[in-house]
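The primary structure of each chain is shown beneath.
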Amino acid sequence: MSLNQLDVKTSLHATRKLKAAGMMMRMLQLRLLNTVAPAYFFTATAITFVLHLFFFIPTIFQTPGIIIHTSIFLFLMLNALGNYVMTIWYPSETTSESTSQTCTVDCLDAYYLCNDHHFCKLCKKVILKRDHHCFFTGNCIGNNNMRYFIMFCIYTSSTCLYSLVLGVAYLTMEYSLSFENPFTFLTLLPLSTGYFFIGMIPGLQFFLILMLYVWLGIGLVSAGFCCQQILLVARGQTWCQLQQGHLAKSQGMWRANLKDVFGSQWALGLLLPVLTIKTVTNTTKDQKHN
């Protein structure tokens, strides 16, 4: 073997090692995010519960209003948490051996399409009609739990909007902050940070201002996810297919596509985190038979 061939072989070996190390580091980062994101969600949820039930509602409203707004808050929050649990409890995965056998070790370094199934390198499972991996739930979103995820996004964004309104009202009443200026949100956080560190405002006021931005951020992200997922479902397409440039197969009208995800009793699912009741069609029967 010549020196040039030896140098090329050594260089390729070093490149493979660097690529493997980089992939391992990326997987560690993704797994860390898969652990931190749910903890962040539950921490924000617990803080929101405490602030509403012990600060916002008792301070802003009187006796009739306390009962009404407590009921509204609990309805929004319990629906968000209920659909969150359903998203995790009913994962979209398939145990088809014929599909699983096609997923070799090469699947671990990328997401790929295989017979309308996708392999998740974090879950290490084959997912039926996989859309994406949600770090807040720690699992993949697919055909089986898509409705729960969409409803979770709807109620999370609604809860954050409700919390934002009550938080602004509480800060206005307790600390005489004015939100009449539309640019207040642009300057509130940096000014409050400076005032807090020089001791001009109390810690609770600064913490509440931080929570306003947390609710605003989570609410906007959840609303964006909700709109995106409803659009993709109506088109009969997944985000994974869209990223890879695969066009969705013709699956009928948009109403049929929505009904396939939301089920026959979709109206009940809008109000309560209940199981999705699928409509069994001839196509579905044929697929099960095959």
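In this text the structure is predicted, and so the values were computed from the model without any measurement.

Here the focus is the overall build of the protein. Secondary structure assignment for the protein yields 10 helices and 5 strands. When the 290 residues of the protein are sorted by exposure, 36% land in the buried category. Considering only contacts within the protein whose residues lie at least 6 apart along the sequence, 64% involve residues at least 24 apart.

Its place among the elements puts Asn 79 in helix H2 (residues 63-89). Asn 79 sits in the buried class, given a relative accessible area of 3%. Within the local environment of Asn 79, its side chain forms a polar contact with the backbone oxygen of Phe 75, the two atoms lying 2.9 Å apart. Those residues in contact with Asn 79 that sit more than four places away from it in its chain are Tyr 155, Leu 271, Leu 272 and Pro 273.

A complete count under the given rule lists 18 aromatic pairs for this structure. Measuring from ring centre to ring centre gives 5.3 Å for Phe 56 and Tyr 170, while their planes differ by 45 degrees; the resulting arrangement is tilted. Taken together, the residues span a long stretch of sequence, with Phe 56 in helix H1 (residues 3-60) and Tyr 170 in helix H4 (residues 146-175) at a distance of 114 residues. Residue classification places Phe 56 among the buried residues on the basis of a relative accessible area of 1%. The exposure class of Tyr 170 is buried, given its relative accessible area of 5%. Plain terms: the ring middles of Phe 196 and Phe 206 are 4.6 Å apart, the flat faces sit at 10 degrees to each other, and that makes the pair stacked. With Phe 196 in helix H5 (residues 184-197) and Phe 206 in helix H6 (residues 203-235), the pair connects residues that are 10 residues apart, well separated along the chain. With relative accessibility at 29%, the residue Phe 196 sits in the partly exposed group. Of the aromatic side chains, those joined through ring pairs into one cluster are Phe 41, Phe 42, Tyr 84, Phe 149, Phe 152 and Phe 225.

Right, let's talk about the environment of Gly 269 for a bit. Within the secondary structure layout, Gly 269 lies in helix H9 (residues 266-271). Counting along the chain gives 122 residues from Gly 269 to Arg 147, while the straight-line C-alpha distance between them is 8.5 Å. With sequence-adjacent residues up to four places away left out, Gly 269 is seen in contact with Arg 147, Met 151 and Val 274.

Note that His 52 resides in helix H1. Of the polar contacts made by the side chain of His 52, one reaches the side chain of Ser 163; its length is 3.2 Å. Among all residues touching His 52, those that are not within four sequence positions of it are Ile 57, Pro 58, Phe 73, Tyr 162, Ser 163, Leu 166 and Trp 215.

Each full turn of the α-helix corresponds to 3.6 residues, which orients residues three or four apart in the same direction. Across its 33 residues, H6 extends 48 Å between first and last C-alpha, which sits within 8% of the 48 Å expected from 1.5 Å per residue. One or two residues past the end of H6 sits Gly 236, with phi positive at roughly 70 degrees.

Ranked by internal contacts, the top residues of the largest apolar core, which has 41 residues, are Phe 56, Leu 166, Leu 212 and Trp 215. Of all elements in the fold, only H1, H2, H4, H6 and helix H8 (254-262) reach the threshold of two or more residues within this core. The dominant element in this core, judged by the number of residues it contributes, is H4, at 14 residues. Leaving out residues up to four positions away in the same chain, Leu 212 has contacts with Leu 164, Gly 167, Val 168, Leu 171, Phe 179, Phe 185 and Leu 188. Listed in part, the 6 residues of the second largest apolar core include Met 27, Leu 122, Ile 127 and Cys 140.

Another aspect to go through is a nonpolar patch on the surface. Together, Phe 75, Trp 266, Leu 268, Leu 270, Leu 271 and Leu 272 make up an exposed nonpolar region whose accessible area comes to about 550 Å². The greatest single-element share of the nonpolar patch, amounting to 4 residues, is contributed by H9. When you line up the elements, Leu 271 lands in helix H9.

What follows is about the state of the cysteines. Such a bond, covalent and formed between the sulfur atoms of two cysteines, is termed a disulfide. Using the criterion set out here, one finds 0 disulfides in the structure. Residue Cys 140 stays outside any disulfide, its sulfur separated by 3.3 Å from that of Cys 120, the closest cysteine.

The next thing to look at is the packing of H6 against H8. For the pair H6 and H8, interaxial distance at closest approach is 7 Å and the crossing angle is 115 degrees. Residues Ile 230, Val 233, Ala 234 and Arg 235 of H6 lie in contact with H8, whose contacting residues are Trp 254, Asn 257, Leu 258 and Val 261. Considered class by class, the residues forming the contact of H6 with H8 number 6 nonpolar, 1 polar and 1 charged.

With that settled, consider the confidence of the model for the protein. For the protein, the mean per-residue pLDDT works out to 82, and 79% of the residues sit at or above 70. The low-confidence segment residues 97-111 (pLDDT under 50) makes 22 contacts with residues lying over four places distant or belonging to another chain. Taken together, the stretch residues 281-290 has pLDDT below 50 and engages in 2 contacts with residues farther than four places along the chain or on a different chain.

Each value, and the rule that gives it
Residues numbered from 1 in each chain as written. Predicted model: local features only at pLDDT ≥ 70, side-chain atom pairs only at ≥ 80, totals over all residues. Heavy atoms only, no water. Helix = DSSP H or I, 4+ residues; strand = E, 2+ residues; numbered from the N terminus. Buried < 20%, exposed > 50% of the residue type's maximum accessible area, 1.4 Å probe, protein only. Contact = heavy atoms within 4.5 Å. Polar contact = N/O pair within 3.5 Å; in protein donor to acceptor, adjacent residues only side chain to side chain. Phe/Tyr/Trp six-rings, centres within 6.5 Å; stacked < 30°, edge-to-face > 60°. Expected span 1.5 Å × (residues − 1). Core = buried A, V, L, I, M, F, W, Y, C linked by side-chain atoms within 4.5 Å. Patch = residues over 30% accessible without salt bridge, like charges linked within 9 Å, V, L, I, M, F, W, Y side chains within 5 Å. Areas by Shrake-Rupley, 256 points an atom, 1.4 Å probe, with all protein chains shown as cover. Salt bridge = Lys/Arg side-chain N within 4 Å of Asp/Glu carboxyl O. Disulfide = S-S within 2.5 Å. Axes fitted to C-alpha atoms, helices over the stretch in contact; angles between N-to-C directions. Nonpolar A, V, L, I, M, F, W, Y, C, P; charged D, E, K, R; others polar. pLDDT = per-residue confidence, 0-100.

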